[in-house]
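Analysis of the macromolecular model
Given next are the chains, with one letter for each unit.
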Amino acid sequence: MLSFLVWLVLLFLCWPIALLALVLYPVVWLLLLPFRLLGIGVDAVFNLLRAIVMLPARVLGHNPAR
């Protein structure tokens, strides 16, 4: 909601820049999408490695929630 209000202020003060931002936002989102997917993949790999390392402790009865 705050970003929308900032955009409205920008639209009031300088409408060409506001319209340019409105047009370029989807393009920037599409350009950043591969990096988000890469981040999700790296996070999944780290979670898998953590699960593999912690498996012996969990088998022996350690519960990290306690």
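Anything mentioned here points back to the structure above.
Before going into details, it helps to say that this report is about the structure given with it. (Residues numbered from 1 in each chain as written. Predicted model: local features only at pLDDT ≥ 70, side-chain atom pairs only at ≥ 80, totals over all residues. Heavy atoms only, no water.)

**Here's the deal with the overall build of the protein chain**
Helix and strand counts for the protein chain stand at two helices and zero strands. Over its C-alpha trace the protein chain gives a radius of gyration of 22 Å, far above what one expects of a compact globule, namely 11 Å for 66 residues. Seen along its three principal axes, the alpha-carbon backbone of the protein chain occupies a region of about 65 × 25 × 10 Å. Burial status across the protein chain gives 2% buried among its 66 residues. (Helix = DSSP H or I, 4+ residues; strand = E, 2+ residues; numbered from the N terminus. Rg over C-alpha atoms; globule rule 2.2 N^0.38 Å. Buried < 20%, exposed > 50% of the residue type's maximum accessible area, 1.4 Å probe, protein only.)

**A word on helix H2 (residues 15-59)**
Side chains of residues three or four places apart in an α-helix project in the same direction, reflecting 3.6 residues per turn. End to end, H2 covers 62 Å across 45 residues, agreeing with the expected 66 Å (1.5 Å per residue, within 8%). When the local axis directions of H2 are compared, the greatest deviation, roughly 40°, occurs at valine 53, which is followed within four positions by the proline proline 56. At the exit of H2 stands glycine 61, carrying a positive phi of roughly 105°. (Expected span 1.5 Å × (residues − 1). Bend = angle between axes of the 7 residues up to and from the residue.)

**Quick word on the packing of aromatic side chains**
In total, this model carries one aromatic pair according to the counting rule given. Here the aromatic rings of phenylalanine 4 and tryptophan 7 are separated by 6.4 Å at their centres, their planes lie at 20°, and the arrangement is stacked. On the criterion of helical spacing, the pair formed by phenylalanine 4 and tryptophan 7 is a turn pair, its members being three residues apart in helix H1 (residues 2-13). Residue classification places phenylalanine 4 among the partly exposed residues on the basis of a relative accessible area of 44%. (Phe/Tyr/Trp six-rings, centres within 6.5 Å; stacked < 30°, edge-to-face > 60°.)

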